[in-house]
Structures are given as structure tokens and as C-alpha cells.
Amino acid sequence: MFFLSNALLSGLGNELAYLDPGSGSFLIQLLIAALLGVGVALRASWSKIKGLFGIKSETDEDAEDEEAIE
Amino acid sequence: MPKTKKPSSSIKLGASFRDPSGFLFTDEGILYRKVNHNYAENYDCLMESGLYAKLVKAGLLISHQEVKQAWAKGDTAYKVLRPELVPFISYPYEWAFSQYKDAALATLSIQKRALKEGMSLKDASAYNIQFVDGRPALIDTLSFEIYQEGQPWVAYKQFCQHFLAPLALMAFKDVRLSQLMRIYIDGIPLDLASQILPGSTRLKFGLLTHIHVHAGAQKRYADAEEERAGMRGGMSKQALTNLIENLQATVRKLDWDAGGTEWGNYYDITNYSDVAFVHKKEVIAGWVERVKPGLVLDLGANNGEFSRIASDREIYTVSSDFDPTAVEQNYRRMRKGKEKHLLPLLVDLINPSPALGWANRERDSFGQRGPADMVFALALIHHLAISNNVPLSLLAEYFASLGQWLIIEFVPKSDSQVQKLLKSREDVFNEYTRESFEQAFEAYYVINEVILIEETKRTLYLLQNRE
């Protein structure tokens, strides 16, 4: 359904993963990631288009993550 | 340092049994974490990838030392660690809104940094976050696993239940709903959160997907084992990073306006004159400096005004109150001032946090996490004795169980605040006198000093536990 690949199916069983991740919770992650992927792609093209007209895109607010603490 | 002795005398901690990677135990009062052989590869990756050093430097993970003594390892241990101690353990149902939000963001920040170093969090329990030096930090060193390309986030469901659902409920419904975490040990079930949340939250992409649609998917695909197997390998690292970043953005947008308070601006409306306020602070400061406590428990601390007499002297102080607004204000002030010795906590003394979880041994009750060296009960006793009808002898008994020293303020019936409490009800409190108060407390304490606060009818007592 969503970029499913069975290639890595075997050998991924991890005995340390002691939580039940839940089938629905696995599936929904793929769905959200797919939607976000589309969003990211759209935004990238949009900023390219804006770039053609000399409009600067806003800065990445997530630069926060490598934070001041470093 | 621990002496050489048999590990059989060690005690495994009640909260440490779910994860097969290792467990916590104490030996001669010192806390250790055992790392099992099955976790060896992951532990080495954490230490060698540089992730451990980076997280510790950023204050996001507590540090540890590897214990070299042979007794510690035994046959089954790969390593034994001695973790940095957390001064006072707190639980999510005791956190103010912003405290909870910061804990959620810390977890996501850790996951993002882990992914960069080729690891991933294998759990996202709110109980693994504790406040150290005034900031949220992960205390479970064994929460990391080597990231496998294509895997979705195994702790996603737990993150949503432990962090996103309670925060969304607090932000969009009622801040008191954090108390659902007391009932559900593994976080608030998403179908329940989805039902309680206002319909308008479906218009927000983050909450629509991570809570509402997620809850529906959990129900629909509960038994879809093959489908899950098929999905493994379906999520690229970039897609996973996008998911984490979207969770970050969703959490950041959650907010709670701490207006409309019962006690929030108590100090502005109270009948203390400036002289009385300063005198009260001076007396407490003098006693704190005399006793030199290591840990202070301020009960009914409001926004932490008096807690700071201790915490500003670098004495670790738990600043508890039952009003979410007061605790929120206390936490925001602490964060703004980068205060390191204060822990604002939401605790209702009428019904303090109980022992919870399996065999009631996973989470300690509020009292079990002490005792403190010193307890503050300032402008508190009239609320407990009159508003809540708790007899003075029971107050003395409980306070005595919480710590060695007690600074308590006796507020007599003639005080205007007490008069206010008695206005709407019959005065059945014949016992509420200074003489009965002293008698009740002397059963547990020796009176060390008594000082009348200037320009008030209130008295401060320094009491020392008889035990």
C-alpha cells in the first residue's frame, strides 16, 4: 500500500523491542510519513518557484535542535 | 565506594522489570544499573558513536560510570553502571503543563539526535524523564537500540499515549486531565483521548493524524499481524525524521493559558504587610541556615516564593502545590531564571500521589520518595484543618513522616484568611487553637523555636522530629 517492501522482512525481529508497537500504530506512521513526504516535496517546489521570482524562503525553524547547549 | 561483597544482598527495584536489556538495583544504598549481555551491542554503540557524550553534554541524558568491581558483574551482566542520582523522582501526573511539554520535547530531541548517530529510542515512557538541574533528562541509559533502516518508530504509540494525548487534553479540554495518567500506567488510551478531545482538534493536522486517525487505526488493525510484518522496511530514515519533526511541531503548538487562578496571584491579594512578608522570610532563612538541610519539601508552596529561600541557597527544594496554575507559574519562573535546585510539583495533600503499577511497586507514593531533611508548611494548616476537616493530630503524624525538621506557620482563627474560610460554614473547630496545635505536634516533634510574625497574628514554629 504505502511503499511497502518485503525485502527487509526477515531478520528485523528485535528481541530488545519489548514494547508492542501495535499494528495500527505501525501503519499510521507510514501514512503520516507519506503525507508529510508529499508536503515536503510541495514546499520544496514552492520555494523553488518563489526563488525564480527572487522571494527568499523562511529560515528553517528546526535549527533549534542542535541547540544553544552545544 | 561500594565494598566488595556478594551481589545477592542487592535489591532489585520494583519499577525495573519490563525491559530485558537490564534492570536497576540498589546495593548498600547505592543505585546501580545492570546491563545484560543481550544489550551489549547496543550499549557499545551508544558509547562509541558519540551519542552518549553528546546527550550528556546537552543535559538530555544522565551520566553514569561503569563499575569495575568483579562482584558487580556476576555471570549474567555485560556491564554494571552507577548512574548519576536524581535528587527527587517525579511523575507525569505531578508536572505542570509546561513541565510536561518540555519533557515531551526533550524526548523528541533525543530521538532526533539518536537517529543522526544511527540509533533510535526503543521506548518513550514519560517515567523515563526526570528533572535534573531544572531541565528534563532521560534517566534510562538502556532506552536506545541500533537503528535499522526501514523500521518505523517502535515507541511511537507509547509517545502518543504518554505525551501527546495528555498534553492535547490539557491544552484543549482541561489541564486537570493530566490526572488520567494516574489511572493508566502506560499512558492515556488514544481512543479515550480522541473521544474527550473537542471535535475542532480534528482540524489540526498533528492531532487529527497522531491521535484521532491513530486511535481508529489501532482499533481497525488490532490483529493485523501479517500487515505489520509487511510494513517493516517500509519507512525510510528521512520519512522517520519527518515524522519526529512533525511530532515536535505538533507538541510545540500546544499551549495552556495559565490565567484564572485560585492562588495564582495569592501574594498580591493576601493581607501580609511588607514588614510581615520580609520578617517571615528572614525567620525562615535563619532557620534554614541553622539546620542546613540537604532536601526541602515545601508543601502548599504556591508559586514557590518561600521555596526559593532554600533553593537560592543551593538546597534542593521540592515546591509542591495542588493548584495547576500556581505550579505552572512556579515552573515558568524557574525555567526563565535557569534555577537548578527547584522542582515545582503538582501534589494535592488531601490525596497525595499513591503507590501505583504492578503490585503497587512501580511508582512510589509521594511520601515514599522522602524523607526530606526539612518540611515547610507555610500558610497551609488552616486550609487542611478547616477547609478539609483534617484533625491536627493527623496533620502532625503525616508531616512527621515526611521529614526530620518542620517549619510550620500557625494561622489562628482570628486571622482574616481563616475568618474567610469560616464565613460560609459553621465553626465546628473547637480544637483549632494554638494550645491544641502545640499539643498535637509535640506528640511527634520537639519545639525548637517559636516566633510571632511582625504585624500579623501568625506564628512560625521550628520543630524537630522526635524520631
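Residues numbered from 1 in each chain as written. Chains lettered and ligands numbered in written order. Predicted model: local features only at pLDDT ≥ 70, side-chain atom pairs only at ≥ 80, totals over all residues. Heavy atoms only, no water.

**Let's talk about the sheet that holds strand S14 (residues 403–410) of chain B**
Residue and element names in this part refer to chain B. Reading across from one edge, S12-S11-S10-S13-S14-S16-S15 is the order of the seven strands in this open sheet, with mixed pairing throughout. Looking along the sheet, the strands with just one partner apiece sit at the ends: strand S12 (342–346) and strand S15 (445–452). On average, adjacent strands in this sheet sit at an angle of 15° to one another, irrespective of strand direction. Bridging between strand S13 (residues 372–377) and S14 involves five bridges; their strand directions are parallel. In the sheet register, Phe376 faces S14, and the bridge partner there is Ile407. Across the face of the sheet, helix H12 (residues 274–291) comes into contact with S13, S14, S15 and strand S16 (459–465) while running at roughly 15° to S16. Taken strand by strand, helix H14 (residues 324–336) contacts strand S11 (316–321) and S12, and its axis lies near 160° from that of S12. (Pairing = 2+ DSSP bridges. Helix = DSSP H or I, 4+ residues; strand = E, 2+ residues; numbered from the N terminus. Axes fitted to C-alpha atoms, helices over the stretch in contact; angles between N-to-C directions. Contact = heavy atoms within 4.5 Å.)

**Here we look at the side chain of Arg308(B)**
Residues and elements named next belong to chain B. Looking at the element boundaries, Arg308 is found in helix H13 (residues 307–311). Look at Arg308 and you get buried, because its relative accessible area is 4%. Of note is the side chain of Arg308, whose polar atom sits 3.1 Å from the backbone oxygen of Gly304. The contacts of Arg308, once residues within four sequence positions are left out, are Asn303, Asn330, Arg333, Met334, Glu339 and Leu342. (Buried < 20%, exposed > 50% of the residue type's maximum accessible area, 1.4 Å probe, protein only. Polar contact = N/O pair within 3.5 Å; in protein donor to acceptor, adjacent residues only side chain to side chain.)

**So, a negative patch on the surface**
Residue and element names in this part refer to chain B. Taken together, the side chains of Asp274, Glu282, Glu454 and Glu455 define an acidic patch exposed on the protein surface. As for its placement among the helices and strands, Glu455 is situated in the loop between S15 and S16. Accessibility expressed as a relative area gives 57% for Glu455, which makes it exposed. (Patch = residues over 30% accessible without salt bridge, like charges linked within 9 Å, V, L, I, M, F, W, Y side chains within 5 Å. Areas by Shrake-Rupley, 256 points an atom, 1.4 Å probe, with all protein chains shown as cover. Salt bridge = Lys/Arg side-chain N within 4 Å of Asp/Glu carboxyl O. Lys, Arg positive; Asp, Glu negative; His and termini not counted. Charge placed at Lys NZ, Arg CZ, Asp CG, Glu CD.)

**Overview of the nonpolar core**
Residues and elements named next belong to chain B. Phe144, Trp153, Phe159, Phe399, Ile408 and Phe441 are the most contacted members of the largest nonpolar core, which has 125 residues in total. Residue contributions to this core peak at 11 residues, all from helix H5 (residues 156–172). Those residues in contact with Phe441 that sit more than four places away from it in its chain are Ile381, Leu392, Leu395, Ala396, Phe399, Leu406, Ile408 and Leu463. Val291, Ile315, Phe376 and Leu378 belong to the second largest nonpolar core, which has 21 residues in total. (Core = buried A, V, L, I, M, F, W, Y, C linked by side-chain atoms within 4.5 Å.)

**Some remarks on a nonpolar patch on the surface**
A cluster of nonpolar residues, Trp46(A), Ile49(A), Leu52(A), Phe53(A) and Ile55(A), forms a patch on the protein surface that exposes about 620 Å² of accessible area. Structurally, Phe53(A) is set in the segment after helix H1 (23–52).

**Brief notes about the sheet that holds strand S4 (residues 64–66) of chain B**
The pairing of strands in a sheet happens through backbone hydrogen bonds and is either parallel or antiparallel. All names here are of chain B. Taken together, the five strands give an open sheet; going across it, the order is S1-S2-S3-S5-S4, and neighbouring strands pair in antiparallel fashion. Of all the strands in the sheet, the pair left with one neighbour each is strand S1 (11–12) and S4. With respect to the sheet, helix H1 (residues 40–48) is in contact with strand S3 (30–36), S4 and strand S5 (77–83), its orientation differing from that of S5 by roughly 45°.

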